[in-house]
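Structural characterization, general
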Amino acid sequence: MVIATIAFYLFAAVTVAAATMVIASRNPVHSVLFLILAFFSSAGLFVLMGAEFLAMILVIVYVGAVAVLFLFVVMMLDINFVELRQGFLQYLPVGGLVGLILLVELFLIIGGWVSAPQASQVAATPIVEGVTNTRAIGQVLYTKYIYLFQVAGLILLVAMIGAIVLTLRHRPGVRRQSSMQQLGRRRDQAVELKKVKPGQGV
Amino acid sequence: MTHMTLPSLIPVIPELALALMIMALLMFGVFRGDGSTRAVSWLSIIALVVTIVLVGMGPTEKTVAMNNMFVTDGFARVFKTLTLLGSAVALILSFGFNRDHQMERFEYPILVLLATLGMMLMLSANDLMSLYLGIELQSLSLYVIAAFRRDDSRATEAGLKYFVLGAVSSGMLLYGCSLIYGFSGSTNFVGIAKALSGVPHGDVSIGLITGMIFLVAGLAFKVSAVPFHMWAPDVYEGAPTPVTAFFAAAPKVAAIGLFLRAMLSPFGELVTDWRQVIIFIAVASMLLGSFAAINQRNIKRLMAYSSIGHVGFALLGLAAGTQEGVRGVVVYMTIYLVMTLGTFACILSMKREHGMVETIDDLAGLGRTHPAMALMLGIFMFSLAGIPPLAGFFAKFYVFMAAVNAGLYILAVIGMLASCVGAYYYLRVVKVMYFDQPAGAFAPVRGELALVFGATGLFTLFFFVYPAPIMAAAETAARALLP
């Protein structure tokens, strides 16, 4: 139990620190790297809660795909982040005020929150002993919810077709590499012999 | 390891077959390239026809499948048939335009088919989750089709506008769904109805009613009813004309069908609560559709306002909340579909040497230059205005009758007044065609367009001679939804 508590505080502290560094660091590439660290430590928190499937999904999807995509975008786009941050002090009073009001409202709502006594029992889904998360999701996803799962797949198909239809262009005159053509080239097509007369150059 | 039985697939055979045909056509198109567009288009139409046949062969009584998330009954069958027909005709209408405007790419029919599949899922939704996924499958395909001419700034603007506003409406819909789930404890339509049945009217929780109102708002956006209509004129004007024809036909029919089911099946007990909302939406749509269209010069924009007005008239039948009202809506949507497709076939024939024209003034003197097309467009305009004995009159007649029999006299009177105002701008088109100086002839009309507006025009003209089959179908649909 002690080890779990220590691990929790370790992961939580790292998450908060990394999240702060995401917005605090000057270099956007460092921000993305800190974001990845934040994702990893949140995944650790999920493992501590017994949600190992979510932890793995977080690492695979967010670190493996989303964060890498961010990194690409940050590196490819030439955005001057220092310039974007100018006027920070100018907007601070208004932004701070809005933040403060939101915080007070949040406290008021959470302070006045009374949940029905039977709500926690209704909300909790019984976990079958000895069945892992992944298996439990798989058992309902491909049986009870197979219809929704397949329709979601169709929606993703539409998204893919749409992205291709709206952005893919075949430009004429682009020199593509064709290995068949390269291999099929013969010596007489590629090499031209010229007789160079002495003293005249090519 | 317990043995699991496969879910019963018989009720979903039409959808399953359509999905498989879409994927086969997609593969065919990808491997054959854009040269195969014509073949893919024709095969898509065949796929839609095959699906209509499968829908017709499906179970006639109410059948649920897929863990109660999918339902098929007489109501779904009628609306699915209408939707599939609308999509097939819209594909036929797109041939000539797509070839002339560099839109001849095989993805177009594929996306139309995917949108149609989404509409079929919407019409068979028996659960808030399947309702949402059906709507998203349809909407996402429609956003892409709206921006299909990606080099045209108006089309991309239309696509983007539709996408952003559609996302907002999906947000409202989902918020409503989550409230409904939270307060009724079920996402299933049957479960919601069970949670509501037997509860005295005053005791229904306000959270559930709020959720239902958000659901209504999301659905009203999809049918472009006032006050969620703002996207329609811009999208209709900006999108390529065949796309506009498709938007005005099949998705509208499907969304109205979903609206009917979502209101009457889970929330049948709350009729007094949603009726006032529907009445407001219907009245506002009828009035805006009539008055805002008066000043339009662009015929596509005019059709957008006209479609907003027609949705208002159709919602009158829903406001009645009776079996007769549902029957009226089914008849209305059938006739609306036919009239709209015919009108757009005429609009797509408005072509001069330098390209398409789309203002009403370009129609001047059509009565002398193209008498047959002018006659048909005239029939559609008279019918859209609701002048007897054309089909449009009967469409309005049945919903007004239902409203009157449900005691909504004022609503019926407002509807009649709105349709009188609307008659002005429909008849102005007729006046421009027959009494103004000719503005120059159009290019010869393509064969398939002439076929479509000829067939739909004859249907509109002679509907009153033999309305029995459509009335019978509407009767079965209404009886399936409200036993």
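Scroll up for the structure.
Residues numbered from 1 in each chain as written. Chains lettered and ligands numbered in written order. Predicted model: local features only at pLDDT ≥ 70, side-chain atom pairs only at ≥ 80, totals over all residues. Heavy atoms only, no water.

1. Examining the overall build of chain A
- Helix and strand counts for chain A come out as 10 helices and 0 strands.
- Mapped in sequence order, the helices and strands of chain A form the string α-α-α-α-α-α-α-α-α-α.
- Taking 17 Å as the expected radius of gyration for a compact globule of 202 residues, we find that chain A reaches 29 Å, considerably beyond that expectation.
- Over its C-alpha atoms, taken along the principal directions, chain A stretches across nearly 100 × 55 × 40 Å.
- Counting across all 202 residues of chain A, residues that qualify as buried make up 16%.
- Contacts in chain A between residues at least 24 apart in sequence constitute 57% of all its contacts with a sequence separation of at least 6.
- Across chain A, the 14 positively charged side chains and the 7 negatively charged ones have centroids separated by 20 Å. (Helix = DSSP H or I, 4+ residues; strand = E, 2+ residues; numbered from the N terminus. Rg over C-alpha atoms; globule rule 2.2 N^0.38 Å. Buried < 20%, exposed > 50% of the residue type's maximum accessible area, 1.4 Å probe, protein only. Contact = heavy atoms within 4.5 Å. Lys, Arg positive; Asp, Glu negative; His and termini not counted. Charge placed at Lys NZ, Arg CZ, Asp CG, Glu CD.)

2. Some remarks on a nonpolar patch on the surface
All names here are of chain A.
- A grouping of Val68, Leu69, Phe72, Val73, Met76, Leu77, Ile79 and Leu84 is seen on the molecular surface, where their side chains present a nonpolar patch of about 800 Å² in accessible area.
- The greatest single-element share of the nonpolar patch, amounting to 5 residues, is contributed by helix H3 (residues 52–76).
- As for its placement among the helices and strands, Leu69 is situated in helix H3. (Patch = residues over 30% accessible without salt bridge, like charges linked within 9 Å, V, L, I, M, F, W, Y side chains within 5 Å. Areas by Shrake-Rupley, 256 points an atom, 1.4 Å probe, with all protein chains shown as cover. Salt bridge = Lys/Arg side-chain N within 4 Å of Asp/Glu carboxyl O.)

3. Considering the environment of Gln102 of chain B
- Position of Gln102 of chain B relative to the elements: it lies in the loop between helix H3 (74–100) and helix H4 (107–123).
- As a C-alpha pair, Gln102 of chain B and Asp151 of chain B span 49 residues in sequence and 9.9 Å in three-dimensional space.

4. Some words on the nonpolar core
- In this structure, Phe246, Phe267, Leu315 and Leu363 of chain B are the most contacted members of the largest nonpolar core, which totals 190 residues.
- Counting residues per element, this core draws most heavily on helix H10 (residues 241–264) of chain B, which supplies 17 residues.
- Setting aside its immediate chain neighbours within four residues, Leu315 of chain B contacts Ala225, Ile256, Phe259, Ile278, Ile281 and Ala282 of chain B.
- Membership of the second largest hydrophobic core comes to 5 residues, among which are Ile36, Phe39, Val63 and Ala67 of chain A. (Core = buried A, V, L, I, M, F, W, Y, C linked by side-chain atoms within 4.5 Å.)

5. Description of the packing of aromatic side chains
Residue and element names in this part refer to chain B.
- One pass over the structure, following the stated rule, counts 21 aromatic pairs over all chains.
- Ring geometry for Trp42 and Phe95: centres 5.0 Å apart, planes at 40°, overall tilted. Note that Trp42 is positioned in helix H2 (residues 37–57) and Phe95 in helix H3, a separation of 53 residues in sequence.
- Take Trp42: its relative accessible area is 41%, and that puts it in the partly exposed class.
- In textbook terms, an aromatic cluster arises when at least three aromatic residues are bridged by ring pairs, as seen for Tyr143, Tyr162, Phe163, Phe221, Trp231 and Phe247.
- The positively charged end of Arg38 is found above the aromatic ring belonging to Phe95, 5.2 Å away from the centroid. (Phe/Tyr/Trp six-rings, centres within 6.5 Å; stacked < 30°, edge-to-face > 60°. Lys NZ or Arg CZ within 6 Å of the ring centre and 35° of its normal.)

6. Side note on the interface of chain B and chain A
- Listed per partner, the contact involves 26 residues of chain B and 21 residues of chain A.
- Between chain B and chain A the total buried area reaches about 2,200 Å² when both faces are included, carbon and sulfur atoms providing 80% of it.
- On inspection of chain B and its partner chain A, the count reaches 1 salt bridge.
- Close ionic contact of Asp151 of chain B with Arg169 of chain A constitutes a salt bridge, the shortest N to O distance being 3.0 Å.
- Taken together, the links from chain B to chain A amount to 5 residue pairs in polar contact (both at pLDDT 80 or more).
- Mapped by element, the contributors of at least two residues to the side of chain B that touches chain A are helix H1 (13–32), H4 and helix H5 (128–146) of chain B.
- Considering every element that reaches the side of chain B that touches chain A, the biggest residue donor is H5 of chain B, with 8 residues.
- The class makeup of the residues in the side of chain B that touches chain A is 18 nonpolar, 3 polar and 5 charged. (Buried area = accessible area lost by both parts, 1.4 Å probe. Polar contact = N/O pair within 3.5 Å; in protein donor to acceptor, adjacent residues only side chain to side chain. Nonpolar A, V, L, I, M, F, W, Y, C, P; charged D, E, K, R; others polar.)

7. Thoughts on the pattern of salt bridges
Residue and element names in this part refer to chain B.
- This model, assessed by the stated rule, comprises 17 salt bridges over all chains.
- Close ionic contact of Glu15 with Lys80 constitutes a salt bridge, the shortest N to O distance being 2.6 Å. You can see Glu15 sitting in helix H1 and its partner Lys80 sitting in helix H3, a full 65 residues away along the chain. No difference in accessibility class separates Glu15 from Lys80, as the two residues are buried.
- Between Arg479 and Glu475 there is a salt bridge whose closest N-O contact spans 3.4 Å. Placement of both Arg479 and Glu475 in helix H19 (residues 468–481) is noted, with a separation of 4 residues, approximately one turn of the helix.
- Using a relative accessible area of 48% as the deciding quantity, one classes Arg479 as partly exposed.
- Under the relative-accessibility criterion, Glu475 is labelled partly exposed at 24%.
- Several salt bridges share partner residues, and in doing so they unite Arg154, Glu157, Lys161, Asp234, Glu237, Lys300, Arg301 and Glu358 into one network.

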